[in-house]
Amino acid sequence: MKVLIHSSFERTRRRRAIWDRAMVYVLSLCAIGVLFILFNILTHLFIQGITSLNPEFFTNLPKPVGEKGGGMANAIAGTFTLLGLAVCLGVPIGLGAGIYLSEYADLKFAHAVRFMSDVMNGIPSIVYGIFAYTVCVLPMKSFSALSGGFALGIMMIPMITRTSEQFVRMVPVQLREAGLALGVPKWRVIVDIVVPAALGGIMTGIMVTLARVAGETAPLLFTAFGNRYWQHSLAQPIAALPLQVFTYAISPFDDWHRQAWAGAIVLILMVFMINGWAQFYVVRHSRWLSGK
Amino acid sequence: MNRQDTSDIVFRRILAVFPISILILVAGIFFQLAYSSLPSLKHFGLAFFYNTTWDPVAEHFGALPFIFGTCLTSLVALLLAVPIGIGAAIYLAEYAPPKVSKFISILVDLLAAIPSVIYGLWGIFVLVPYMRNYVQPFLGKYLGFLPFFQGPNYGVGFLAASIILAIIIIPFIISVSREVILAVPSVYKESAYALGTTRWEAIFDIVLSYGRAGILGAVVLALGRAIGETMAVTMIIGNNVVITPSLFSPGYTLASVLANEFAEADSNMYLSALIEIGLVLFLVSIVVNILARFLIWSVTKGPGQVIK
């Protein structure tokens, strides 16, 4: 009897130990699988795209089907134009809301706005495209750079609100108290002391948001619409890099496919570079805030 | 003194416009979409949601095939992504040495930063041929008795779209559930060790059950992403209005029909039917996100930091 209990205990123990060991491998396999996918995507991107990536790609307009060469100069410029327009809309509102939430809002209101911002972040980007279509494109009776910038700008608002609130809140309370003790009104303390102190962080938030918005295609499909030439005013359709990659990718022409890969490299480098730059900023900013 | 007080109040009032405008914006998007889809709402009523014909020429619109496509692809994507994502998150939070964990987390963030149009490009030229030549023939051969793996093999279709969706949502599942797992107080795990559990038992029985709500939140959040994901899906789902159990079949989702047909909608009713689809996406994603936030906040105790 004694032996029986002992051996069954021994069996369970061994089974538990094996199970424990096996899970280490299973779990690390999950992580490796994810890395493999990333690696696979990046290598394909560079191998397929690098051959079409030449100076011409950055300076020329797209060529018609059948003609070799051509580039995406207008699309690259278009993406920057759209981002610029988006910043004009998203940054003031997001920053203002972030500062208010950090400095003035009572708990309930702040919670409500934060919650709404997070919910807004989760709304599919194509819905913003439809919204921009109904309020911009229909009244203007034309696809336009303005409506594309409007769609991207709205998408930026919730993210910038959350990040700038976070960084404004991180400014040490002593800085504010020092200002207030000198008899400076609270709003001057905010404008002249708190915001400048948080500026590095705020910039990080803006850049992370830009990196996210730069690759958005869905909200531009029926707002910016795309354009094979240079546009001459903001009320005209405008080309954008992600849109061009999309159009070329689903086209039946090999030449265009190669251009799509090249466009994708430029797009991904842009996104990674802005992200990396933002990381650099946030590290420097937190060092600076903690006084090291 | 008095003058300073007024200036403070004025500044506060001006600044208050911005957060209030966020609330107004969300309401505004809802009303604008509802107003623009009014013709379709009135004309089709509830039949819009259970009608299976989508005929722009006859102006007869039923969204069921798209609702079906969105549900099917999101569900299959979750089935694929949840075990892998949570597994990787556990590895990063509990097993990996801190340096390795940090490095892999950065790579996962990179994966999350890739624009969906690039996933779509990779999907068209790498994933779809692979599905057509290897995965789908294999599934058809060994699991072909199931209705899910029957029918002609094009490569594009529900299965390819589900896989790309899974790849897109895995980084979200990893980063949110990693945070949730790290938020579990280590006292609980240590008590479990003291009772003689193995490492895996402590993680599975204690950490995961403590963080259950938060991990569920991560999954729901990922579901929201999957429902709204547009470009990558549009590029490889095959654009076919159909309801079928076959995962090999080309199909459509709510978001991809918008991406494909919105710009060419030529009649008012067509446009308003498409906007109604947008309204459905808007409402569904709001419900899903509210649910997810509550679940995640219940574990991490508040909204947390956006940038670390």
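Only a predicted model underlies this, so the values are computations on that prediction, with no experimental measurement involved. (Residues numbered from 1 in each chain as written. Chains lettered and ligands numbered in written order. Predicted model: local features only at pLDDT ≥ 70, side-chain atom pairs only at ≥ 80, totals over all residues. Heavy atoms only, no water.)

Some details on the overall build of chain A
At step 1: Of regular secondary structure, chain A possesses 10 helices and zero strands.
At step 2: Taken over the C-alpha trace, chain A has a radius of gyration of 26 Å; the compact-globule value for 292 residues is 19 Å, which it surpasses by more than 25%.
At step 3: Out of the 292 residues in chain A, the part that is buried amounts to 56%.
At step 4: Sequence-distant contacts in chain A: of pairs separated by 6 or more residues, those separated by 24 or more amount to 75%.
At step 5: Carbon and sulfur atoms make up 69% of the accessible area of chain A, which totals about 13200 Å².
At step 6: Side chains of chain A carry 23 positive and 13 negative charges; the gap between the two charge centres is 10 Å. (Helix = DSSP H or I, 4+ residues; strand = E, 2+ residues; numbered from the N terminus. Rg over C-alpha atoms; globule rule 2.2 N^0.38 Å. Buried < 20%, exposed > 50% of the residue type's maximum accessible area, 1.4 Å probe, protein only. Contact = heavy atoms within 4.5 Å. Areas by Shrake-Rupley, 256 points an atom, 1.4 Å probe, with all protein chains shown as cover. Lys, Arg positive; Asp, Glu negative; His and termini not counted. Charge placed at Lys NZ, Arg CZ, Asp CG, Glu CD.)

Regarding the interface of chain B and chain A
At step 1: Counting from both sides, the interface comprises 80 residues of chain B and, opposite them, 86 residues of chain A.
At step 2: Interface of chain B and chain A: buried area, both sides summed, is about 7500 Å²; carbon and sulfur atoms make up 81% of it.
At step 3: Between the two partners, chain B and chain A, sit two salt bridges.
At step 4: Applying the counting rule to chain B against chain A returns 11 residue pairs in polar contact (both at pLDDT 80 or more).
At step 5: Sort the elements by how many residues they give to the side of chain B that touches chain A and helix H1 (residues 2-36) of chain B lands first, with 20 residues. (Buried area = accessible area lost by both parts, 1.4 Å probe. Salt bridge = Lys/Arg side-chain N within 4 Å of Asp/Glu carboxyl O. Polar contact = N/O pair within 3.5 Å; in protein donor to acceptor, adjacent residues only side chain to side chain.)

What to know about the side chain of Ser251(A)
All names here are of chain A.
At step 1: Tracing the backbone through its elements, the reader meets Ser251 in the loop between helix H9 (241-249) and helix H10 (254-289).
At step 2: Owing to a relative accessible area of 10%, Ser251 belongs among the buried residues under this scheme.
At step 3: Beyond its immediate sequence surroundings of up to four residues, Ser251 is in contact with Trp256 and His257.

Topic: the packing of aromatic side chains
At step 1: Scanning all chains against the criterion turns up 33 aromatic pairs over all chains.
At step 2: Judged by centre distance (6.4 Å) and plane angle (25°), the rings of Phe30(B) and Phe282(B) are stacked. Of this pair, Phe30(B) sits in helix H1 while Phe282(B) sits in helix H13 (residues 268-300), and the two are 252 residues apart along the sequence.
At step 3: Judged by relative accessible area, which is 2%, Phe282(B) ranks as buried.
At step 4: By way of ring pairs, the aromatic residues Phe44(B), Phe48(B), Phe49(B), Trp54(B), Phe61(B), Phe66(B), Tyr252(B) and Tyr270(B) are connected into one cluster.
At step 5: Taking NZ or CZ as reference, Arg188(A) lies 5.7 Å from the ring centre of Trp187(A), over its face. (Phe/Tyr/Trp six-rings, centres within 6.5 Å; stacked < 30°, edge-to-face > 60°. Lys NZ or Arg CZ within 6 Å of the ring centre and 35° of its normal.)

Side note on the pattern of salt bridges
Residues and elements named next belong to chain A.
At step 1: Per the counting criterion, the structure on display carries 10 salt bridges over all chains.
At step 2: Ionic pairing is found between Arg13 and Glu10, a salt bridge with its closest N-O pair at 3.3 Å. Of this pair, Arg13 and Glu10 both sit in helix H1 (residues 2-49), three residues apart, which is roughly one turn of the helix.
At step 3: Taking relative accessible area as the criterion, Arg13 reaches 43% and is therefore assigned partly exposed.
At step 4: Glu10 sits in the partly exposed class, given a relative accessible area of 23%.
At step 5: If you follow the salt bridges from partner to partner, you end up with Arg114, Glu165 and Arg169 in one network.

Things to note about unusual backbone geometry
At step 1: Phi at Phe225(A) is positive, roughly 75°, even though this residue is not glycine.
At step 2: For Phe225(A), the position within the fold is in the loop between helix H8 (186-214) and H9.

A short note on the nonpolar core
At step 1: One finds Trp54(B), Ile90(B), Ile114(B), Tyr119(B), Phe262(B) and Ile277(B) to be the most contacted residues of the largest nonpolar core, which totals 206 residues.
At step 2: Ranked by the residues each element gives to this core, the list is headed by H13(B), at 18 residues.
At step 3: Each of domain 1 (2-52) and domain 2 (56-289) of chain A contributes no fewer than three residues to this core.
At step 4: Beyond its immediate chain neighbours, meaning those up to four positions away, Trp54(B) contacts Phe48(B), His60(B), Phe61(B), Gly62(B), Phe66(B), Val241(B), Val257(B), Glu261(B), Tyr270(B), Ala273(B), Leu274(B) and Ile277(B). (Core = buried A, V, L, I, M, F, W, Y, C linked by side-chain atoms within 4.5 Å. Domains from an automatic or database assignment.)

Quick word on the packing of helix H4 (residues 107-121) of chain A against helix H6 (residues 145-169) of chain A
Residue and element names in this part refer to chain A.
At step 1: Running from amino to carboxyl end, H4 crosses H6 at an angle of 135°, the nearest separation of the two axes being 9 Å. Classed by the angle they form, the pair H4 and H6 counts as oblique. As H4 packs across H6, the resulting crossing turns out to be left-handed. Of the residues in H6, those touching H4 at Arg114, Ser117, Asp118, Met120 and Asn121 are Ile154, Pro158, Met159, Thr161, Arg162, Glu165 and Arg169.
At step 2: Counted by class, the contact of H4 with H6 contains four nonpolar, three polar and five charged residues. (Axes fitted to C-alpha atoms, helices over the stretch in contact; angles between N-to-C directions. Parallel < 35°, antiparallel > 145°, perpendicular 65-115°, else oblique. Left-handed = near helix turned anticlockwise from the far one by under 90°. Nonpolar A, V, L, I, M, F, W, Y, C, P; charged D, E, K, R; others polar.)

Description of helix H5 (residues 125-140) of chain A
Residues and elements named next belong to chain A.
At step 1: Taking 1.5 Å of rise per residue, the 16 residues of H5 would be expected to cover 22 Å, and the 21 Å separating its terminal C-alpha atoms lies within 8% of that figure.
At step 2: The largest bend in H5 is about 40°, located at Tyr133.
At step 3: Here H5 lies mainly inside the structure; 12 of its 16 residues are buried.
At step 4: Listing the buried residues of H5 in full gives Ser125, Ile126, Val127, Tyr128, Gly129, Ile130, Phe131, Ala132, Tyr133, Thr134, Cys136 and Val137.
At step 5: A positive phi of about 60° marks Lys141, the residue just after H5. (Expected span 1.5 Å × (residues − 1). Bend = angle between axes of the 7 residues up to and from the residue.)

Observations concerning the domain arrangement of chain A
All names here are of chain A.
At step 1: You can read the domains of chain A as domain 1 (2-52) and domain 2 (56-289).
At step 2: Each of domain 1 and domain 2 has a C-alpha centre, and these two points are 38 Å apart.
At step 3: Of the residues lining the interface, eight residues belong to domain 1; the matching set on domain 2 comes to 10 residues.
At step 4: For the pair domain 1 and domain 2, the summed buried area comes to about 770 Å², and 81% of that belongs to carbon and sulfur atoms.
At step 5: For the interface between domain 1 and domain 2, the tally reads zero salt bridges.
At step 6: Applying the counting rule to domain 1 against domain 2 returns zero residue pairs in polar contact (both at pLDDT 80 or more).
At step 7: In the side of domain 1 that touches domain 2, the residues fall into four nonpolar, four polar and no charged.

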